[in-house]
Amino acid sequence: MRIAFIGLGNMGGPMARNLVAAGYDLAVHDIRPDAAIDGATWAASPAEAGAGRDVAITMLPTPRHVEAVLLGPDGLLDALAPGAVWIDMSTSVPEVADRVRRAAEPRGVHVLDAPVSGMAVGAKAGTLQIFVGGDPEVYARVRPVLEVMGDPERIMRVGGHGAGYTVKLMINLLWFAHLVATTEVLAIGTSAGVDLAVLRDALQASPAASNFLGRDVLSVLERGDYDESFALALACKDLGLAVDLAREVKVPAELSALVEQVFRRARRAYGDRAGEMAPMRLWEDLLDSPLRLTTQGA
């Protein structure tokens, strides 16, 4: 199976390398020529990457980048032959899936949305969680490709076209809400005199326990790592897409909108390239002290 891969950033680069390591014939393209990958053929444009390929994968920052790569000048869609499969693994929105499918289907090109969860570490390890929207037969055909990039037990078809995008947006939305709520609780509790380690252990042993509190927050509490592999600008983009989706389906999203405001405030304070967990710094700055585990919880 011959594959094109477009978008070689913090996530896409490791994913493409895993495909090369698995022995796939890979053509790659990115706006940065220095993102080229050993063992893959470099293409000068999306169209050149997709020519003669059975599968084309995109991993891009925003919905507008997805549409530009697929439908723009020298775009991917013009190069794909009937029967080819385009898999968009970007975080996008169902509306884009609909527009792209309307352009692709008359040409005989199959479309799947398959966004991922697992951060850069999962991309490197090939253990991403993948949420696929689209035709079940097309999904079955390309599943071996997905299994190179993701954990086979955590790759799932979640519905028709656009369902993958929706599920990923909801996962991100809830994770960002966990970050804001957890930080606020830790800041209040420690300001009231409870040891941070003790407070975290108590919360994790209670009905308020969460995966974020048990695992993800430790990158900050133990190492001061705000995860710059996923930029705050992208986190704000995802939150905006999620809130826009809520508005589109006419579901109130007051809490989600507030979480978005917190992230945008952190972006103004720390910049576009700050890590996705940088909003925790808003409370640390207010306390004039970092939230760090210095003792073992009792």
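Scroll up to find the structure.
Everything numeric in this text was worked out from a predicted model, so none of it was measured.

So, how was this worked out
Residues numbered from 1 in each chain as written. Predicted model: local features only at pLDDT ≥ 70, side-chain atom pairs only at ≥ 80, totals over all residues. Heavy atoms only, no water. Helix = DSSP H or I, 4+ residues; strand = E, 2+ residues; numbered from the N terminus. Rg over C-alpha atoms; globule rule 2.2 N^0.38 Å. Buried < 20%, exposed > 50% of the residue type's maximum accessible area, 1.4 Å probe, protein only. Contact = heavy atoms within 4.5 Å. Areas by Shrake-Rupley, 256 points an atom, 1.4 Å probe, with all protein chains shown as cover. Lys, Arg positive; Asp, Glu negative; His and termini not counted. Charge placed at Lys NZ, Arg CZ, Asp CG, Glu CD. Phe/Tyr/Trp six-rings, centres within 6.5 Å; stacked < 30°, edge-to-face > 60°. Axes fitted to C-alpha atoms, helices over the stretch in contact; angles between N-to-C directions. Parallel < 35°, antiparallel > 145°, perpendicular 65-115°, else oblique. Nonpolar A, V, L, I, M, F, W, Y, C, P; charged D, E, K, R; others polar.

**Quick notes on the overall build of the chain**
Moving on, step 1. In terms of regular secondary structure, the chain is built from 13 helices and 9 strands.
Moving on, step 2. Here the C-alpha radius of gyration of the chain, 20 Å, is about what a compact globule of 298 residues would show, namely 19 Å.
Moving on, step 3. For the C-alpha atoms alone, the extent of the chain along its principal axes is close to 65 × 45 × 35 Å.
Moving on, step 4. A total of 298 residues make up the chain; the buried ones form 53% of that total.
Moving on, step 5. If you take every contact in the chain between residues at least 6 apart in sequence, the share linking residues at least 24 apart comes to 68%.
Moving on, step 6. Here the chain has roughly 13500 Å² of accessible surface; of this, 54% comes from carbon and sulfur atoms.
Moving on, step 7. Positive and negative side-chain charges of the chain, numbering 28 and 37 respectively, have mean locations separated by a distance of 2 Å.

**Structural notes on the packing of aromatic side chains**
Moving on, step 1. Under the criterion given, the structure shown has 3 aromatic pairs.
Moving on, step 2. Considering the side-chain rings of Trp-175 and Phe-176, the 5.6 Å spacing of their centres and the 75° angle between planes classify their relative orientation as edge-to-face. Note on accessibility: Trp-175 and Phe-176 belong to one class, buried.
Moving on, step 3. On the numbers, 5.3 Å between centres and 80° between planes, the contact of Trp-175 with Phe-212 is edge-to-face.

**Overview of the packing of helix 12 (residues 254–270) against helix 13 (residues 280–287)**
Moving on, step 1. At their nearest, the axes of helix 12 and helix 13 sit 9 Å apart, and the two run at 70° to each other. Here helix 12 is positioned roughly perpendicular relative to helix 13, judged by the angle of their axes. Contacts between helix 12 and helix 13 involve Val-262, Arg-265, Ala-266, Ala-269 and Tyr-270 from the first element and Arg-281, Leu-282, Trp-283 and Asp-285 from the second.
Moving on, step 2. Looking at the contact of helix 12 with helix 13, its residues break down into 6 nonpolar, no polar and 3 charged.

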